[in-house]
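Below are the chains, spelled out letter by letter.
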Amino acid sequence: MDNNRKGVFISFEGGEGGGKSVQIVRLREKLEKIGKKIVMTREPGGTMISEQIREVVLGKKNMGMAYTTEVLLFQAARAQVYRELIIPALEVGKWVLADRTSDSSIVYQGMVREFGVSEIKHLNDLSTKNTYPDLTILLDVPVEVGLARRNGTEKMDRLDLESRNFHEKVRQGYLTLAKENPKRWVVVDASRTIETIAEDVWSIVRKRVIID
Ligand code: TYD
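What counts, and at which threshold
- Residues numbered from 1 in each chain as written.
- Predicted model: local features only at pLDDT ≥ 70, side-chain atom pairs only at ≥ 80, totals over all residues.
- Heavy atoms only, no water.
- Phe/Tyr/Trp six-rings, centres within 6.5 Å; stacked < 30°, edge-to-face > 60°.
- Helix = DSSP H or I, 4+ residues; strand = E, 2+ residues; numbered from the N terminus.
- Buried < 20%, exposed > 50% of the residue type's maximum accessible area, 1.4 Å probe, protein only.
- Near = heavy atom within 4 Å.
- Polar contact = N/O pair within 3.5 Å; in protein donor to acceptor, adjacent residues only side chain to side chain.
- Nonpolar A, V, L, I, M, F, W, Y, C, P; charged D, E, K, R; others polar.
- Core = buried A, V, L, I, M, F, W, Y, C linked by side-chain atoms within 4.5 Å.
- Contact = heavy atoms within 4.5 Å.
- Axes fitted to C-alpha atoms, helices over the stretch in contact; angles between N-to-C directions.
- Parallel < 35°, antiparallel > 145°, perpendicular 65-115°, else oblique.
- Left-handed = near helix turned anticlockwise from the far one by under 90°.

Novice: How should I be thinking about the packing of aromatic side chains in this particular structure?
Specialist: To describe a pair of aromatic rings, you give the distance between the ring centres and the angle between the ring planes. Applying the stated rule across the entire model yields 4 aromatic pairs. Judged by centre distance (6.2 Å) and plane angle (50°), the rings of Tyr 108 and Phe 166 are tilted. Linking Tyr 108 in helix H4 (residues 102-112) with Phe 166 in helix H7 (residues 158-180), this pair joins segments that are 58 residues apart in sequence. Judged by its relative accessible area of 16%, Tyr 108 falls in the buried class. In this structure Phe 166 comes out as partly exposed when scored by relative accessible area, which is 26%. Considering the side-chain rings of Tyr 108 and Tyr 174, the 6.4 Å spacing of their centres and the 75° angle between planes classify their relative orientation as edge-to-face. Separated by 66 residues along the polypeptide, Tyr 108 in helix H4 and Tyr 174 in helix H7 bring together distant segments of the chain. Both residues of the pair, Tyr 108 and Tyr 174, belong to the buried class. Aromatic ring contacts, followed pair by pair, group Tyr 108, Phe 166, Tyr 174 and Trp 185 into a single cluster.

Below is the structure:
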């Protein structure tokens with residue numbers, strides 16, 4: 001962990017349709033109201049260079065991407081956002097709210113794509129300079145709820161059904177990580193309303209991260 005760190009680092013993680021981007025904005029508003037200086041970011045992305053890498057790694061025209069390329073592009077985007085944005089913000093006492101970070105690589109590439117968890121952890125140490133969140137909120141939803149939210153319909157086609165297994169592995173991967181490190185992770189039931197989840201997140205942040 002970075003010794004010069006004065007700020008607080010909170011990440012949001014989870015699979016499809018958990019509402020990370022909505023909840024992160026809600027938390028930002030509440031923290032700003034009590035005078036905290038906030039930096040909000042996302043991965044892959046968060047800086048001009050990282051957003052360009054995002055277009056490459058998530059772009060539909062790059063369907064033929066090798067797994068190792070994918071792994072390294074997520075890490076390249078991460079290295080940039082930690083050096084340019086996250087570490088400097090924490091050093092001056094800002095609160096960093098991240099929509100996904102290193103744990104996404106552990107789950108998606110390390111576990112689900114079976115690239116290897118220890119390999120990803122090693123790469124994460126390099127790209128983050130051993131900088132990890134103080135608190136990670138897992139917005140957990142059953143796969144069918146998450147996919148239905150995304151599609152805006154309960155009906156799922158063949159491809160959705162085929163990818164169910166992938167999404168289920170993502171969900172279980174996150175739950176495993178959360179169980180392994182309860183000091184950092186809190187699991188939030190994200191199948192409820194936006195308002196209820198936002199209240200839960202706020203009380204967790206108040207309890208876990210001392211607000212002076
Ligand atoms: P995004 O559109 O931000 O999806 P979401 O709303 O689910 O966060 O796309 C990010 C995608 O990239 C998502 O499918 C997860 C994946 N991802 C990885 O596979 N590894 C990573 O390290 C990161 C940061 C994201």
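Novice: Looking at this model, I keep getting lost on the site of the ligand. Mind explaining?
Specialist: Around the ligand, the neighbouring residues are Lys 20, Glu 43, Pro 44, Arg 54, Leu 58, Phe 74, Arg 78, Arg 100, Ser 104, Ser 105, Tyr 108 and Gln 109. Between the ligand and Lys 20 there is a distance of 3.1 Å, counted from an oxygen atom to a side-chain nitrogen or oxygen. Between Arg 78 and the ligand, the recorded distance is 3.0 Å, taken from a side-chain N or O atom to an oxygen atom. Of all the secondary structure elements, the ones that give two or more residues to the shell around the ligand are helix H2 (48-58), helix H3 (67-91) and H4. By residue class, the composition of the shell around the ligand is 4 nonpolar, 3 polar and 5 charged.

Novice: Sorry, what's going on with the nonpolar core here?
Specialist: Ranked by internal contacts, the top residues of the largest apolar core, which has 22 residues, are Ile 10, Phe 12, Leu 27, Trp 95, Leu 135, Ile 137 and Val 205. Of all the secondary-structure elements, those providing two or more residues to this core are strand S1 (8-13), helix H1 (20-33), strand S3 (95-99), strand S4 (135-140), strand S5 (185-189) and helix H8 (194-208).

Novice: What should I look at first to understand H4 in this one?
Specialist: Residues spaced three or four apart along an α-helix point in a common direction, a consequence of the helix completing one turn every 3.6 residues. Most of H4 sits inside the fold, with 10 of its 11 residues counted as buried. Those residues of H4 lying buried are Ser 102, Asp 103, Ser 104, Ser 105, Ile 106, Val 107, Tyr 108, Gln 109, Gly 110 and Val 112. Where H4 ends, the next residue or the one after it, Glu 114, has phi of about 60°, a positive value.

Novice: Help me out: how do you make sense of the side chain of Asp 103 in this one?
Specialist: Of note, Asp 103 is situated in helix H4. The buried category is assigned to Asp 103, whose relative accessible area is 3%. Apart from residues no more than four positions distant in its own chain, Asp 103 is found in contact with Glu 13, Thr 136, Tyr 174, Leu 177, Arg 184 and Trp 185.

Novice: Looking at this model, I keep getting lost on the packing of H3 against helix H5 (residues 117-128). Mind explaining?
Specialist: Any two packed helices are characterised by how steeply their axes cross, that is the angle between the axes, and by the distance between the axes. Close contact between H3 and H5 brings their axes to 8 Å; oriented N to C, the two are set at 30°. Here H3 lies roughly parallel to H5, going by the angle between them. At the point where H3 passes H5, the crossing takes the right-handed sense. When H3 is examined against H5, the residues Val 71, Leu 72, Gln 75, Arg 78, Ala 79, Tyr 82, Arg 83 and Ile 87 are found in contact with a partner set consisting of Ile 120, Leu 123, Asn 124, Leu 126, Ser 127 and Thr 128. Broken down by class, the residue content of the contact of H3 with H5 amounts to 8 nonpolar, 4 polar and 2 charged.

Novice: I would appreciate a short explanation of the packing of H4 against H5 in the present structure.
Specialist: It is the contact of H4 with H5, at a shortest axis distance of 9 Å, that shows an interaxial angle of 150°. Between H4 and H5, the angle falls in the class roughly antiparallel. The handedness of the crossing between H4 and H5 comes out as right-handed. The residues of H5 that touch H4, namely those facing Ser 102, Ser 105, Ile 106, Gln 109, Gly 110 and Met 111, are Val 117, Ile 120, Lys 121, Asn 124 and Thr 128. Residues of the contact of H4 with H5, tallied by class, amount to 4 nonpolar, 6 polar and 1 charged.

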